[in-house]
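Analysis of the macromolecular model
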Amino acid sequence: MIDVLFLPKHISHGKVCVVVDVLRATSTIVTALAKGAKYVMPVASVAQAKRTKGKDILICGERNGIKPKGFHLGNSPQEYFDVKGKEIVLTTTNGTKAISMIHSQNLYASCFLNLHATVDLLKDHEHVTVVCSGQEGKVAYEDVLCAGAIVYELDRKDLTDGAKIAKQLWKQAKNMELSALLSESQHAQELIEHNFLSDIEFCAQLDLYNIVPFFSQNRFVIA
Ligand code: MLT
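Our subject in this report is the structure included herewith. (Residues numbered from 1 in each chain as written. Predicted model: local features only at pLDDT ≥ 70, side-chain atom pairs only at ≥ 80, totals over all residues. Heavy atoms only, no water.)

With that settled, the discussion passes to the overall build of the protein. When you go through the protein residue by residue, the secondary structure sums to nine helices and nine strands. In terms of C-alpha radius of gyration, the protein reaches 16 Å, essentially the compact-globule figure of 17 Å for 223 residues. In the protein, buried positions account for 55% of the 223 residues. Pairs at least 24 apart in sequence give 77% of the contacts found in the protein among residues at least 6 apart. Approximately 10,100 Å² of the protein is accessible, and the part contributed by carbon and sulfur atoms is 50%. Here the protein holds 24 positive side-chain charges and 24 negative ones, and the gap between their average locations is 7 Å. (Helix = DSSP H or I, 4+ residues; strand = E, 2+ residues; numbered from the N terminus. Rg over C-alpha atoms; globule rule 2.2 N^0.38 Å. Buried < 20%, exposed > 50% of the residue type's maximum accessible area, 1.4 Å probe, protein only. Contact = heavy atoms within 4.5 Å. Areas by Shrake-Rupley, 256 points an atom, 1.4 Å probe, with all protein chains shown as cover. Lys, Arg positive; Asp, Glu negative; His and termini not counted. Charge placed at Lys NZ, Arg CZ, Asp CG, Glu CD.)

Right, here's the structure in full:
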């Protein structure tokens, strides 16, 4: 069965889960690992991130879209092109919170940047739950759209209602220009206000990377 949760909730089963936060946490995680980071460790708070110390550690993330004081990097995936060998500690408003709610032994991170790599990996799994991170407790259009793309590409008949709705959304949108579609979302509008328009264009690239982050021992590594 393929399921899509429009908002994160506590999950404690061992089935396969995929977390999606297109703007921008999972796009950042995918980019950092694709560019050679050793791992990305999501943490809950700015204080917790700052407490983590180490030679190759970069403290990264955002609050209200902006890099907190004292952090090495923000949450723009485009800041993660030069992270080879680095250990990334990441805290974000919604994405890392969603991750902390999923206690599945098989958790992957996805976005448009690694759409088909994700789909290839999920093909052999009977039960998959795609978890949209949302934004501050509300459904995020771009996450449901990406979840729908995953469901569409998986091409399965055993879909929950959530999966059917997401798939339908993607079917209607899939021939349109993705960056224009993403720009319409509420979160994109906020990012544009903070001068992150180019992040929306970046996150709208389909299959830029052929890797899928896998969560193991509190951190994402390449699956
Ligand atoms: C989040 O996790 O809330 C987002 O990634 C926020 C952002 O766009 O930086």
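Once you've had a look at it, read on.
This paragraph deals with the site of the ligand. Around the ligand sit Asp21, Leu23, Arg24, Ala25, Glu62, Asn75, Thr92, Thr93, Asn94, Gly95, His187 and Leu191, and those are all the residues in its vicinity. Residue Thr93 places a main-chain N or O atom 3.5 Å away from an oxygen atom belonging to the ligand. At 2.6 Å from an oxygen atom of the ligand is found a main-chain nitrogen or oxygen belonging to Gly95. Look at the ligand: alone it shows 270 Å² of surface, and the protein chains cover 99% of it. Classifying every residue of the shell around the ligand by side-chain character gives three nonpolar, six polar and three charged. (Near = heavy atom within 4 Å. Polar contact = N/O pair within 3.5 Å; in protein donor to acceptor, adjacent residues only side chain to side chain. Nonpolar A, V, L, I, M, F, W, Y, C, P; charged D, E, K, R; others polar.)

Right, let's get into the layout of surface pockets. One number sums up the size of the largest pocket: a volume of about 380 Å³. Forming the walls of the largest pocket are 25 residues, and the residues nearest its centre are Asn94, Gln135, Glu136, His187 and Glu190. Among the elements of the structure, helix 5 (141-154) and helix 8 (186-193) are those that each provide at least two residues to the lining of the largest pocket. A total of four residues in the lining of the largest pocket trace back to one element, the largest contributor, which is helix 8. Across the lining of the largest pocket, the residue classes break down as six nonpolar, twelve polar and seven charged. Approximately 220 Å³ is the volume attributed to the second largest pocket. What lines the second largest pocket is a set of 13 residues, and nearest its centre among them are Pro42, Ile99, Ser100, Phe215 and Asn218. (1 Å grid on protein atoms, 1.4 Å probe; cavity = no way out; pocket = protein on both sides within 12 Å on 5 of 7 lines; lining within 4 Å. Points joined across faces, edges and corners; volume = space filled by probe spheres on them.)

Strand residues, when the strand is regular, have side chains that alternate between the two faces of the sheet. Burial analysis of strand 7 (residues 128-132) places five of its five residues in the buried class, the great majority of the element. Alternating positions in strand 7 separate into two faces, Val128, Val130 and Cys132 on one and Thr129 and Val131 on the other, with burial throughout. Taken together, the four bridges between strand 1 (residues 2-5) and strand 7 define a ladder with parallel strand orientation. Opposite Val4, over in strand 7, you have Val130 as the bridge partner. Where strand 2 (residues 16-20) and strand 7 come together, five bridges link them in parallel fashion. If you follow Val16 over to strand 7, its bridge partner there is Val128. (Pairing = 2+ DSSP bridges.)

Attention now moves to helix 6 (residues 161-173). For helix 6, spanning 13 residues, the distance from its first C-alpha to its last is 19 Å, which sits close to the expected 18 Å at 1.5 Å a residue. The complete set of buried residues in helix 6 reads Gly162, Ala163, Ala166, Lys167, Trp170 and Ala173. Down the axis of helix 6, the smallest arc covering the buried residues is 130°, so these residues share one side. More than 90 degrees from the buried face of helix 6, the exposed residues found are Asp161 and Gln172. Those residues of helix 6 hidden inside the fold are in contact with strand 1, helix 5 and helix 7 (178-183). (Expected span 1.5 Å × (residues − 1). Arc of directions from axis to C-beta.)

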